[in-house]
Amino acid sequence: MGRLSTLFAPERVAVIGATDSDGSVGRAITSNLLASFDGDVVAVNPYKDEALGLRCYDTIGDVDDPGSVDVAVVVVPPNAAVQAIREAGQAGVQNVVVITAGFGETGSEGMSREQKLKEAAREYDLNLVGPNSLGVMSTPDGLNATFGNEMANEGDISFMSQSGAFVTAVLDWAAERDVGFKDIVSLGNKAILDEGDFVAEWGEDPQTEVILGYLEDIADGTKFIRTAREVTQDTPIVLVKSGRTDAGASAAASHTGAMAGSERAYEAGLEQAGTLRVESVQELFDYAQILSGQPLPDGDEIAIVTNAGGPGVMTTDAVGDSDLSLAEFEDGTLDRLRESMPDEANIYNPVDIIGDAPAKRFELALETVLADDNVSMAVVVACPTAVLSFEELAEVIVEKQAAHETPVATTLMGGKSVGAGQEVLSEAGIPNYFDPARAVDSLDALRDYRQIQAREYESPASFDVDRDRAEEILRTAARRDTNRLGVEAMELLDAYGIPTPQGAVTRSPTEAEEVAQDIGDDVVMKIVSPDILHKSDIGGVEVGVPPEEVRSTYEDLVVRARNYQSDATVLGVQVQEMVDLESGTETILGMNRDPQFGPLLLFGLGGIFVEVLEDNTVRVAPVSEPEAREMLDDIESAPLLRGARGRDPVDEDALVESVQRLSQLVTDFPAIVELDINPLVATPDGVQAVDLRLTLDQEKL
């Protein structure tokens, strides 16, 4: 176990604010601990002599041997909570759970109070849960340091939630379905400990088979990705991340003081972290049950065995909607099914053994299909009949699953008749679902986790770049007191090895002529102004300008800019080598800095189609070479890069390297808030960045 081991397995717990007052949180927590905790409970309350039969101490420092207190649960009013934290730290307590609300979730005054709480916790190096937390729970030692009304059943699932109310609802839901837990924590405002800390802890816990979470935000996306990638090699993580919509994100912020990041950043970050993301409590526990109870499949092929044609078709449709495929049986399998099944049965997948099938016929069919090397997993779908005992069927399924060590899910479609059979299945770790689509989705989750475990994460490449030159370009912009840069910053890309066409920003018609002569051909000319973002819209771009017209074009562009915005800062005119757009594919490569995950890279179809088609994909930087290559694969227009309709394939390696180099640039310079290279023209001979726009946070330079 890790540094939080005594938080979940304490020998002595103190309740600061313990009381026997009816309806109080202090009473509920103290009562819950006394009801089930195997260790000692200590009460701290200067206004009480005793609470629920416990002697009350004035402060935690007055407790006999206060250093032996493993966890202090703080239930005092918010104005007294910070002092209680300090006293716990001075007494040598390592773990503090702050139940008290009235901190960052309540506005500026609460945020100021929470900052003081953080400072106190850091001063004494405390493992602090909360504030605004329901508490913590751990079943092996009967620890219920919460004010919930349910003690969890014992199991191998550890669960964290940013909503305390959600914990109580889940416990009530799980108790009815015999779902058990190892540890539970209500994260609250995450002043010190956050989801990454608990993922790390449970990743080292041999008693935790699956990690579940309900999150409204992620405090440190980079830390979470790094931690989760390690943990998911051995322990699956399944998350509900709320706030997917704009309205949901707003609600999350008002609920816990969370600053919600963009949904696309969460999608990318959670996928890169190796987590399984779900959208409902039902899915959360569907996945948890199968991941904790069943082995991983060695392939994607599924067999269906059923006594009902309609539900069999429903199951087949669900397979079609998933990433699984129906297994094609070997000839020997078909022969054995033909011999053992009635003539009316369908021996092809899905196997329909017809409605009069007793448990024995299910046994023969299941044994046969599980022995087929083409079958990687199976789902058994059964409807109640007078000749079928669900309890006997469950015993058959348990026996065959164990013998073949193949993942199996079941759909026993019924109500009261399912009870005994479901109990047999549950004890063996085989999940049962009323809806066959849920069974298939859960098996699909096993497949997904198998792929996550098989991932080999590479470290991002570190290219030889001119970082000093790049920094000077950014500082020059800051000295001009502007936070917007355009093509005048193209040298930034040169410094990081991203190819750009020959050219320069010129400050006079004469200088423009000289640059054009060096290029020696028709050129592109663009007005350079941080105040004019859409240059084409105001006639600020001229394409195919012959050398003899460069001088007059320079003057025309400046006049147009002045006419459009008289007070615009005009830095000059860019004169640039022409790029053959007809022989290439215009892509976009960009970055937006997310509050939680940091630099979010974007790659997609570029040019004028960016906002129309919106064909792009994102990753959290820094990215490795395989991740950069996946970005090319992700977009729907990937065939355009690979020679669709007779086009020459582009240099994909050059595109992949450009993604990596931009990843390094925006990771090196947190001051870059947004950046667009559009278009980044990809050709068979390489890539060229034709246009650039970026935004700076000058305070971070």
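Use the structure listed above.
Remember, it's a predicted structure, so these values are computed and weren't measured experimentally.

Trainee: Is there a simple way to explain the layout of surface pockets in this structure?
Mentor: The calculated volume of the second largest pocket comes to roughly 770 Å³. The wall of the second largest pocket is formed by 33 residues, among which Glu267, Leu270, Glu271, Gln272 and Arg455 lie closest to the centre. Elements that contribute at least two residues to the lining of the second largest pocket include exactly α9 (263-273), β14 (276-278), α16 (436-454), β27 (616-620) and α22 (625-634). Tallying contributions element by element places α9 first for the lining of the second largest pocket, with 7 residues. For the lining of the second largest pocket, the per-class residue count stands at 8 nonpolar, 6 polar and 19 charged.

Trainee: What is the right way to look at the sheet that holds strand β4 (residues 54-57) in this model?
Mentor: In sheet architecture, strand pairing relies on hydrogen bonds along the backbone and comes in two forms, parallel and antiparallel. Strand order across the open sheet formed by 7 strands is β3-β4-β2-β1-β5-β6-β7, with mixed pairing between neighbours. In the strand order of this sheet, the two ends are held by β3 (50-51) and β7 (127-129), each with one partner. Pairing geometry for strand β2 (residues 40-44) and β4, over 2 bridges, is parallel. If you follow Ala43 over to β4, its bridge partner there is Cys56.

Trainee: Sorry if this is basic, but what is going on with the side chain of Asp217 here?
Mentor: Following the sequence through the fold, Asp217 ends up in the loop between β12 (210-215) and α7 (221-231). Exposure remark for Asp217: the relative accessible area of 7% places this residue in the buried category. A polar contact is formed between the side chain of Asp217 and the side chain of Lys190, at a distance of 2.8 Å.

Trainee: It is not clear to me how unusual backbone geometry should be interpreted in this structure. Could you clarify?
Mentor: Most of the time, phi is negative for any residue but glycine, and the peptide bond is trans. The residue after Gly130, namely Pro131, is reached through a cis peptide bond having omega 0°. Here Pro131 lies in the loop between β7 and β8 (135-138). With an omega of 5°, the peptide bond between Asn678 and Pro679 qualifies as cis. Structurally, the position occupied by Pro679 is in strand β28 (residues 672-683). Positioned with a positive phi, Asp125 is a non-glycine residue whose angle comes to about 55°. Asp125 sits in the exposed class, given a relative accessible area of 64%. With a phi close to 65°, Ile354 is a non-glycine residue in the positive phi region. Relative to the helices and strands, Ile354 resides in the loop between β17 (351-352) and α13 (359-370).

Rules of the game
Residues numbered from 1 in each chain as written. Predicted model: local features only at pLDDT ≥ 70, side-chain atom pairs only at ≥ 80, totals over all residues. Heavy atoms only, no water. 1 Å grid on protein atoms, 1.4 Å probe; cavity = no way out; pocket = protein on both sides within 12 Å on 5 of 7 lines; lining within 4 Å. Points joined across faces, edges and corners; volume = space filled by probe spheres on them. Helix = DSSP H or I, 4+ residues; strand = E, 2+ residues; numbered from the N terminus. Nonpolar A, V, L, I, M, F, W, Y, C, P; charged D, E, K, R; others polar. Pairing = 2+ DSSP bridges. Buried < 20%, exposed > 50% of the residue type's maximum accessible area, 1.4 Å probe, protein only. Polar contact = N/O pair within 3.5 Å; in protein donor to acceptor, adjacent residues only side chain to side chain.

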